[in-house]
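Examination of the molecular architecture
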Amino acid sequence: MSQSRTYEVRTYGCQMNVHDSERLSGLLEDAGYQRAAEDSTADIVVFNTCAVRENADNRLYGNLGHLRPVKDANPGMQIAVGGCLAQKDRGEIVRRAPWVDVVFGTHNIGSLPALLERARVQREAQVEIEESLETFPSTLPTRRESAYAAWVAISVGCNNTCTFCIVPALRGKEKDRRPGDILAEVRALVAEGAIEVTLLGQNVNAYGSEFGDREAFSKLLRACGEIDGLERVRFTSPHPRDFTDDVIDAMAATPNVMPQLHMPLQSGSSRVLKAMRRSYRQERFLDIVRRVREKMPEAAITTDIIVGFPGETEEDFAETLHVVREARFAAAFTFQYSKRPGTPAAEMDGQVPKAVVQERYERLIELQESISIEENRGLVGREVEVLVAEGEGRKDGDRRRLSGRAPDNRLVHFSLDEGAEVPRPGDLATVEVTYAAPHHLVADSGVRALRRTRAGDAWAARNGGEQEQAPGVLLGMPKVGVPAPQAAAAGGCCDA
C-alpha cells in the first residue's frame, strides 16, 4: 500500500468514542496511512458512531449520502462505519448505503486495517461484527489528540440495565483491566509529557467487580497520586449506586485528583428513577453530594438530566427541580427524552407529549443557568491555576486571550499583558478571575505566574516549536442542553 494514502476519522458520541477514535487513528497510521490535511479529500473516511443521541441514524445516513458523489469522483476512496450504531444496525448500513466499504463493531476495532484491505482486494463490502470483546483497546496503537492530556480506559462495557439506554447491548458486559496495566499506561503517558489523565469507563466506580475488589477504584485513584509528574487526575462517569465513601476519601486525600465530579442524576424523582432502573433514589444522590462537599468544599459537581421520560408527571419534574436547587450543580447536561429502538423505555406507556417536554426542558435550563452564574460569580477575585488548552476557542478580535481548565474543570479565558510570555498548551498559568458567565470564567488582569511544563515542551515538540501568538478561543463550555451532534459529549445517556 502506498504511504501517501490518507485517512480521516469522524467521531460522534461520548468520551469512550473519542478514545476509540484515537485507537482507530493509531491503527491506520501503524498500517501506513497518513492523517489527511484539513480541507483535503481523504482516501479513507471512518465514521465512529453513537447510537444514543437523537436521530443518530439519520445523521449518519445523511453524511454518508453527502459522501457518495465525493467517492464517485475519487476512485479508490473507501468509507468505513464503526461504533455503537454499526454494532446495532450491522448489515442494514450496507443495504441503505451500498457505497460503504467496511462496517465493524465496538468489539473489533482492531480489525479495521485488515477489513479495508480485504474490501479493496475483493471489491465488495466487508461487514464484521463481534459479539464480545476481541482485544482490549488499550493494547492497540494510538494516535493521541493531545500532547498534555490523555484518556485512559479502565474498563469497557456496562452491567447496568437502565431502561433508556442501549449501550450495554452494544458495548457488552463490563470488562476490567488489571490495575498494573492501567498504571503502566499512565506512567508511559507521563513519560511522553502528559500531565493530566482522565480515567474512562461506562461506570468507573464499579471498577473491580470483575476481579472481586469493591475498593479497586479508590485504590487506583490513590495509586495515581503516587506517580511522579502526574499533576491532574479526572474520571468519568461514576454511577450513584456504586459511589462509596472510600472513593470520596481517596479523592479528598489524593492531591492530584481534581476537585471535580461528573455524576449523572437523570431524574430527581425516585418514582421515575425506579422506572429507569437506576437502583438509587433521590435521597441517596443528595447524600453523596453532601458527603463530597463535606470532604471537598470547593468541588464542582456536574450532572446529566433527562427530561420527559415516559410517565414523568409535573410532580416528578418538580422533584428534579428540587434536586437541582439542592445540589447546586456547576453545570448540567440536559437531554429531552427520545425513544431508542431496542430499549424497554421505548415501549413504555405514558410517552410525554413533545410540547410538554420542551416546556419542562426550558424551565430546567433557566433554573440551572441561574445556579451556574451564581456559583461562578462566587469565584470572581480568586486566583486559579489554568492548564492551558488548544482548540477550546473561537476568535476574539478585541483581546489576546488564551483558554484552559481550572482544577475544578471550569473553562477559563484569560488575557495576556502586552509583551508577556505566551504560555503553550500544556503549561500552567495562574490568573485571577475577573468576570463570570454561566458556562465560563474570564481572567482579564494578566498572568500572575507561569509555569512552563514538560507537557508544554511535548506540545512544542509535536507542533514544531513555540506558540508565537495567542490563538482565538471559544467563549464557553459545551452548552447546557443537547450537545452539538458532532461534539464529544461531556455526559449523556450512555454514561452511568
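Refer to the structure printed above.
Rules and cut-offs
- Residues numbered from 1 in each chain as written.
- Predicted model: local features only at pLDDT ≥ 70, side-chain atom pairs only at ≥ 80, totals over all residues.
- Heavy atoms only, no water.
- Core = buried A, V, L, I, M, F, W, Y, C linked by side-chain atoms within 4.5 Å.
- Buried < 20%, exposed > 50% of the residue type's maximum accessible area, 1.4 Å probe, protein only.
- Domains from an automatic or database assignment.
- Contact = heavy atoms within 4.5 Å.
- Helix = DSSP H or I, 4+ residues; strand = E, 2+ residues; numbered from the N terminus.
- Expected span 1.5 Å × (residues − 1).
- Axes fitted to C-alpha atoms, helices over the stretch in contact; angles between N-to-C directions.
- Parallel < 35°, antiparallel > 145°, perpendicular 65-115°, else oblique.
- Left-handed = near helix turned anticlockwise from the far one by under 90°.
- Salt bridge = Lys/Arg side-chain N within 4 Å of Asp/Glu carboxyl O.

1. Overview of the nonpolar core
The biggest cluster of nonpolar side chains holds 95 residues, and the ones touching the most others in it are Leu64, Leu199, Phe217 and Leu221. Both domain 1 (6–128) and domain 2 (137–378) contribute no fewer than three residues apiece to this core. What Leu64 contacts, discounting residues up to four positions off in sequence, is Phe47, Ile79, Val81, Ile93, Ala97, Trp99 and Val100.

2. Points about helix H1 (residues 15–30)
Between its first and last C-alpha, H1 extends 23 Å over 16 residues, near the 22 Å set by a 1.5 Å rise per residue. Within H1, 14 of the 16 residues are buried, which leaves it mostly tucked inside the rest of the structure. At the C-terminal side of H1, Gly32 shows a positive phi close to 105°.

3. Points about the environment of Val433
With respect to the helices and strands, the residue Val433 is situated in the loop between strand S18 (428–432) and strand S19 (435–436). Overall, the relative accessible area of 1% leaves Val433 in the buried class. It is 9.1 Å that separates the C-alpha atoms of Val433 and His413, two residues lying 20 residues apart in sequence. Residues within four places of Val433 in sequence aside, it is in contact with Leu379, Val380, Gly381, Arg382, Val384, Leu441, Val442 and Ala443.

4. Quick word on the packing of helix H12 (residues 314–327) against helix H13 (residues 354–377)
Axis separation between H12 and H13 bottoms out at 10 Å; the angle between their running directions is 10°. Taken together, H12 and H13 sit at an angle that is classed as roughly parallel. Remark: the crossing between H12 and H13 carries right-handed chirality. Two secondary-structure elements touch here, H12 through Glu314, Phe317, Leu321, Val324 and Arg325 and H13 through Arg360, Arg363, Leu364, Leu367, Gln368 and Ile371.

5. Focus: the pattern of salt bridges
Evaluation of the coordinates by the stated rule reveals 34 salt bridges. Residue Glu294 is joined to Arg290 by a salt bridge in which the shortest nitrogen-to-oxygen separation is 2.7 Å. Remark: Arg290 and Glu294 occur in helix H11 (residues 282–295); sequence separation between them is four residues, near one turn of the helix. By relative accessible area, which is 42% here, Arg290 ends up partly exposed. Here Glu383 ties to Arg448 by a salt bridge, and the two come within 3.2 Å at their closest N and O atoms. Placement of the pair is Glu383 in strand S15 (residues 383–388) and Arg448 in strand S21 (residues 447–451), with a sequence separation of 65 residues.

This is a description of form; function is not addressed.
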